[in-house]
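For reference, the chains in residue letters:
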Amino acid sequence: MLVSERKPWDEIVNFLTQDENIFLIACNGCSEACQTGGKKGLDELQSKLEEEGKKISGSFLADFACNKILVALKLNRYIQCLHNADSILVSACGVGVQSVASMVNIPVYPADNTLYMGGFSGVWTGEERCLQCGDCKLNSTGGICPYANCPKNLVNGACGGSNKGKCEVDPEQDCAWTKIYDRLQETGKIENLRKLHPPRNWNLMQPPNERKKTLFWALEFEQEEKEKEVVK
Ligand code: SF4
Ligand code: SF4
């Protein structure tokens, strides 16, 4: 389970400025439970984009956007619509957005931010990871998470140590920022690298009190109460 909330609308409109035809995908798993994705989230995105004058070239609900096999099967059924799309907007956690981005060669953007859950995270089989930073950057990094893939968590890369596409911290690992460069080149978005991002806002890693009451803290509290009952 990963928790998400919709990005500010102005931010979404801003990164879709140059795109006329948008393909929409919404996750029907965790995101549906968080009321960002699912049918309701998909319909909301469609009507708001149409109000902005965008055309929707197609859309689908993905049962679990983090499951690459399920997503690939669905994408395959919408090939023609995808050919007509300038970009794909995905309502899902960071893992779901990265899953889609890894399978297409057009820009993929996140409609949502994935929120921090105090170290608790979901389980999935793909290699994509999300550190729940609360301010998803996948729209500017070609759908590759800079935080989860770069040991220095750089939001502006690459660092000076990148060597022939390998990371200086772990030479067995590909440099995340070289991969981001290659992906942006493939998708015609290399100019994204000209924009410098402000430092990461680590305050977003501290959930506000009202969120603590509604997420896994509530489950932990319930478990503690049950354990107390057993001891009695
Ligand atoms: S930028 Fe990375 S850590 Fe932040 S929400 Fe997106 S995928 Fe997750
Ligand atoms: S070499 Fe690349 S992945 Fe490694 S720390 Fe530097 S920018 Fe990050």
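Structure: see above.
Residues numbered from 1 in each chain as written. Chains lettered and ligands numbered in written order. Predicted model: local features only at pLDDT ≥ 70, side-chain atom pairs only at ≥ 80, totals over all residues.

*Asks:* What am I meant to see in the overall build of the protein chain here?
*Replies:* The helix and strand tally for the protein chain stands at ten helices and six strands. Evaluated residue by residue, the protein chain yields a buried proportion of 36% over its 232 residues. Across the protein chain, the fraction of contacts at a sequence separation of at least 24, relative to all contacts at a separation of at least 6, is 62%. (Helix = DSSP H or I, 4+ residues; strand = E, 2+ residues; numbered from the N terminus. Buried ≥ 20, exposed ≤ 12 C-beta atoms within 10 Å, placed from the backbone. Contact = placed C-beta atoms within 7 Å.)

*Asks:* Which parts of the structure should I look at to understand helix H4 (residues 68–77)?
*Replies:* In an α-helix, one turn spans 3.6 residues; hence positions three or four apart end up facing the same way. If you check which residues of H4 are buried, you get Lys68, Val71 and Leu75. For H4, the angular spread of the buried residues around the axis is 60°, confining them to a single face. Among the exposed residues of H4, those oriented more than 90 degrees off its buried face are Ile69, Leu73, Asn76 and Arg77. Turning to H4, the residues buried within the fold contact strand S3 (55–62), helix H5 (79–83) and helix H6 (94–101). (Arc of directions from axis to C-beta.)

*Asks:* For this particular structure, what's the right way to read the sheet that holds S3?
*Replies:* To summarise the sheet geometry, strands pair through backbone hydrogen bonds and adopt either a parallel or an antiparallel arrangement. Read across the open sheet, the four strands follow the order S3-S2-S4-S5; overall the sheet is parallel. Two strands lie at the open edges of the sheet, namely S3 and strand S5 (108–110), each paired on one side alone. Averaged over all pairs of adjacent strands, the angle between strand axes in this sheet comes to 25°, irrespective of strand direction. In this structure, strand S4 (residues 87–91) lies alongside S5, joined through three bridges in parallel fashion. (Pairing = 2+ DSSP bridges. Axes fitted to C-alpha atoms, helices over the stretch in contact; angles between N-to-C directions.)

*Asks:* What is the right way to look at the nonpolar core in this model?
*Replies:* Where a protein is soluble and globular, its nonpolar side chains tend to be buried together. Judged by nonpolar contacts, the single largest core of 52 residues is most densely connected at Leu24, Ile25, Ala65, Ile88, Leu89, Val90 and Val100. The set of elements that each furnish at least two residues to this core consists of strand S2 (21–27), helix H3 (38–51), S3, H4, S4, H6, S5 and helix H8 (176–186). Tallying contributions element by element places S2 first for this core, with six residues. Ignoring any residue separated from it by four or fewer positions in sequence, one finds isoleucine 25 in contact with Ser59, Phe60, Ala62, Ala65, Ile88, Val90 and Val100. (Core = buried A, V, L, I, M, F, W, Y, C linked by C-beta atoms within 7 Å.)

*Asks:* Sorry, what's going on with the site of ligand 1 here?
*Replies:* The full set close to ligand 1 counts 13 residues, and Gly94, Cys130, Cys133, Cys136 and Cys145 are the nearest of them. Listed by contribution, the elements that provide at least two residues to the shell around ligand 1 are strand S6 (112–115) and helix H7 (146–149). Residues that form the shell around ligand 1 fall into these classes: eight nonpolar, four polar and one charged. (Near = placed C-beta within 6 Å. Nonpolar A, V, L, I, M, F, W, Y, C, P; charged D, E, K, R; others polar.)

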